[in-house]
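# An overview of the molecular structure
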Amino acid sequence: MTYRLILLRHGTSDWNAKNLFTGWVDVDLNAGGIEEAQRGGELLRDRDLLPDVVHTSVLRRAIRTANIALEVAGRQWIDVRRSWRLNERHYGGLQGKDKKQTLEELGEEQFMLFRRSYDTPPPPIERGSEFDQAGDPRYAGLPPELLPATECLADVVERMLPYWYDAIVPDLRAGKTVLVTAHGNSLRALVKHLDNLDEKTIVGLNIPTGVPLYYELDENFRPIVKGGEYLDPDAAAAAIEAVKNQGR
Ligand SMILES: O=C(O)[C@H](O)COP(=O)(O)O
C-alpha cells in the first residue's frame, strides 16, 4: 500500500511582489498568484492526481490557492480542514519590512540567519503593533502561550508535526489523496520531516510558489522518491530562483 500526498505553496501574494516579509500577516494573492493557482489545478487534473481532502492554513493566500486549484481540477466539493499549525512561519519583528532594505541594514549574514537558519528566530514582534496577530479572531481559541511572537524553522517543525500526525496521516491512512496547501516555510518544515533532512541541508531548500509537489509515500509515510516530484519541474526551478533572490 502506498499513499498519495500533494504539497502546494500558495501562489505569489501582494507582499511577495512588493518584497515584504509576510509571515502571519493575512495578505491576498496577486494576479500572478491567481494564475499560478489555476495552473496548479490544471497540473493536478492532467496528472489525474485528484485530491479527496484538502488541508490548508488559516491564511487567505493558501485558502484561495486551494479553492482556485480545486475548482480548476473539478474538486471544489471535497472535505476541507484548516489549521493555524500550517501557517507560514511567524516572521516576528520583520513582518511588514522590506526584504531588500532589511538586507542592506543587517548585512548578508544576519539577513540569511533570520531567513534560513534552522534555529535563529528574528526579534519578536511588539504586541499590539501594526502587523501583530494578537486579537485576530481566528486565533481566539488558541492558548496565549501558543500564539507566536516570532519563530525559527525549528519552532515551525515543532508546531506543525502534531498536525501532520493527528490530522494528515489519518487521512492518508484512510487511502485518501491528500492536498496540503500552505506556505514556503511551513512546507519546508514538512519536507524536512518527510525527507529526513538534517538542519544544514534544509537551509538550502526553497519551495516554489504555485507548483504542486507530489509525494508517493510508503507504509511508514516516507517518500518512495526522496524530494518528491514537481508536476512542472521547469516552472518549479524558475520559482525557486525567484524565492532565493528575494531581497536582492
Ligand atoms: O513570509 C514571507 O515573507 C514569505 O512567505 C516567505 O519568505 P522567505 O522566503 O523570505 O522565508
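Calculation criteria
- Each chain has its residues counted from 1, following the order in which its sequence is written.
- Reporting of local features is limited, given that this is a predicted model, to residues whose pLDDT is at least 70; pairs of side-chain atoms are given and counted only at 80 or more, and all residues count toward the totals for whole chains, interfaces and linings.
- To get the side-chain values, take all heavy atoms of the structure and skip hydrogens and water.
- By convention in this text, a residue qualifies as near a molecule or strand provided that one of its non-hydrogen atoms is within 4 Å of it.
- What qualifies as a polar contact is a pair of N or O atoms within 3.5 Å, subject to a donor-acceptor requirement within protein and to the restriction that residues adjacent in sequence count only when both atoms come from side chains.
- Buried and open spaces are told apart on a 1 Å grid over the protein atoms alone, a cavity being a set of points where a 1.4 Å probe fits but cannot get out and a pocket being an open set with protein on both sides within 12 Å along at least five of seven lines. Residues with an atom within 4 Å of a point are the lining residues.
- Cavities and pockets are treated as containing a molecule whenever more than half of the molecule's atoms lie within 2 Å of their grid points.
- Think of it as three bins: nonpolar holds Ala, Val, Leu, Ile, Met, Phe, Trp, Tyr, Cys and Pro, charged holds Asp, Glu, Lys and Arg, and polar takes everything else, Gly as well.
- Each residue is assigned to one of three classes by its accessible area relative to the maximum for its type, calculated with a 1.4 Å probe on protein chains only: buried under 20%, partly exposed between the two thresholds, exposed over 50%.
- Numbered from the N terminus, helices here are DSSP runs of H or I no shorter than four residues, and strands are runs of E no shorter than two.
- Note that the arc is defined by the directions from the helix axis to the C-beta atoms.
- Throughout, a contact is declared for two residues whenever any of their heavy atoms are within 4.5 Å.
- Each axis is a line fitted through C-alpha atoms, and for a helix only the stretch in contact is used; angles between axes span 0 to 180 degrees, taken between their N-to-C directions.
- Our angle categories are set so that under 35 degrees counts as roughly parallel, over 145 as roughly antiparallel, 65 to 115 as roughly perpendicular, and the remainder as oblique.
- Throughout, a crossing is termed right-handed when the near helix is turned clockwise from the far one, and left-handed when it is turned anticlockwise from it by less than a right angle.

### Overview of the site of the ligand
- Lining the immediate environment of the ligand, one finds 13 residues, of which Gly23, Glu88, Tyr91, Arg115 and Arg116 sit closest.
- Between the ligand and Gly23 there is a distance of 2.8 Å, counted from an oxygen atom to a backbone nitrogen or oxygen.
- With respect to the pocket detection grid, the ligand is positioned in the largest cavity.
- Residue composition of the shell around the ligand, grouped by class: 4 nonpolar, 4 polar and 5 charged.

### Regarding helix 4 (residues 99-106)
- For helix 4, the complete set of buried residues consists of Lys99, Thr102 and Leu103. For helix 4, the buried positions fall inside an angular range of 105 degrees around the axis, keeping them on one side. Away from its buried face by more than 90 degrees, helix 4 exposes Glu104 and Glu105.
- The secondary structure elements touched by the buried residues of helix 4 are helix 5 (108-116).
- Remark: Gly107 follows helix 4 within two positions and exhibits a positive phi of approximately 85 degrees.

### Examining the packing of helix 2 (residues 31-46) against helix 3 (residues 60-72)
- Two elements in contact, helix 2 and helix 3, have axes whose closest approach is 7 Å; the angle formed by their N-to-C orientations is 45 degrees. Between helix 2 and helix 3, the crossing angle belongs to the class labelled oblique. Handedness of the helix 2/helix 3 crossing: right-handed. Contacts between helix 2 and helix 3 involve Ile34, Ala37, Gln38, Gly40, Gly41, Glu42 and Arg45 from the former and Arg64, Thr65, Ile68, Ala69 and Val72 from the latter.
- Partitioned by chemical class, the residues of the contact of helix 2 with helix 3 number 5 nonpolar, 4 polar and 3 charged.

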